[in-house]
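Residue-level listing of the chains:
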Amino acid sequence: SAAGTCNDEHILFTAIGICNGDYVNIRTGPGTNYKSVGYAYKDDPYYWYQTAREPADASWIHVHGYWCKYEDHIGWMYSQYFTGTESPRMKLEVA
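Worth saying up front: this structure is predicted, and the values here are computed from it rather than measured.

**Q** Please explain the overall build of the protein as it appears in this structure.
**A** Broken down by element type, the protein carries zero helices and seven strands. Evaluated residue by residue, the protein yields a buried proportion of 42% over its 95 residues. Of the contacts made within the protein by residues no fewer than 6 positions apart, 57% connect residues no fewer than 24 positions apart. Split by element, the accessible area of the protein, about 5600 Å² in all, is 51% carbon and sulfur.

Spelled out as structure tokens, the structure:
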């Protein structure tokens, strides 16, 4: 896919948050079997968007942020490394 695009259809803008770990893998999909494409570092900001590929237990979350030079900073992070800092003002996905 082209840089700056997201192949996952967003269902819900879930939260704004930060990474609470350091050197956390960002992956191409929701699991360790997916390729690592970059890293998140402590206190890096990002946005969590729920998608159809998100596991039912939300153990992996789809994030957009400023921490990784991959497809406009888009990837998947293990959710234990996410700390929400605020909820979105709208619970409606806007394209």
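Moving on, there is more to tell.
**Q** Is there a simple way to think about the environment of Gly 31 in this case?
**A** Summarising the element assignment, Gly 31 is placed in the loop between β2 (24-27) and β3 (36-40). Each C-alpha atom, one on Gly 31 and one on Ile 61, is 9.8 Å from the other, the two residues being 30 residues apart in sequence.

**Q** What am I meant to see in the packing of aromatic side chains here?
**A** The geometry of two aromatic rings is summed up by the distance between their centres and the angle between their planes. According to the stated counting rule, one finds eight aromatic pairs in the structure shown. Seen in terms of ring centroids, Tyr 23 and Tyr 39 are 4.1 Å apart; in terms of plane orientation they differ by 5°. Their pairing is stacked. Here Tyr 39 lies in strand β3 and Tyr 23 lies in the loop between β1 (10-19) and β2, a separation of 16 residues in the sequence. Classification of Tyr 39 by relative accessible area gives partly exposed; the value is 28%. Joined through ring pairs, the aromatic side chains of Phe 13, Tyr 47 and Tyr 49 make up one cluster.

**Q** Please explain unusual backbone geometry as it appears in this structure.
**A** One can expect most non-glycine residues to show negative phi and most peptide bonds to be in trans. For Tyr 23, which is not glycine, the phi torsion reads 60° and is therefore positive. For Tyr 23, a relative accessible area of 51% translates into the label exposed. Phi angles above zero are rare outside glycine, and Ala 58 is one such case at about 55°. Along the chain, Ala 58 falls in the loop between β4 (45-51) and β5 (60-65).

**Q** Whenever I open this one, the pairing of β1 confuses me. Can you help?
**A** For a regular strand, side-chain orientation follows a simple rule: the groups alternate between the two sheet faces. By the criterion of burial, β1 is predominantly enclosed, with seven of the 10 residues buried. The sheet contact formed by β1 and β4 spans seven bridges and is antiparallel. By the bridge assignment, Leu 12 is partnered in β4 with Gln 50. Pairing of β1 with strand β7 (residues 82-86) involves four bridges; the strand directions are antiparallel. Bridge pairing in β7 places Gly 17 opposite Gly 84.

Cut-off values and rules
Residues numbered from 1 in each chain as written. Predicted model: local features only at pLDDT ≥ 70, side-chain atom pairs only at ≥ 80, totals over all residues. Heavy atoms only, no water. Helix = DSSP H or I, 4+ residues; strand = E, 2+ residues; numbered from the N terminus. Buried < 20%, exposed > 50% of the residue type's maximum accessible area, 1.4 Å probe, protein only. Contact = heavy atoms within 4.5 Å. Areas by Shrake-Rupley, 256 points an atom, 1.4 Å probe, with all protein chains shown as cover. Phe/Tyr/Trp six-rings, centres within 6.5 Å; stacked < 30°, edge-to-face > 60°. Pairing = 2+ DSSP bridges.

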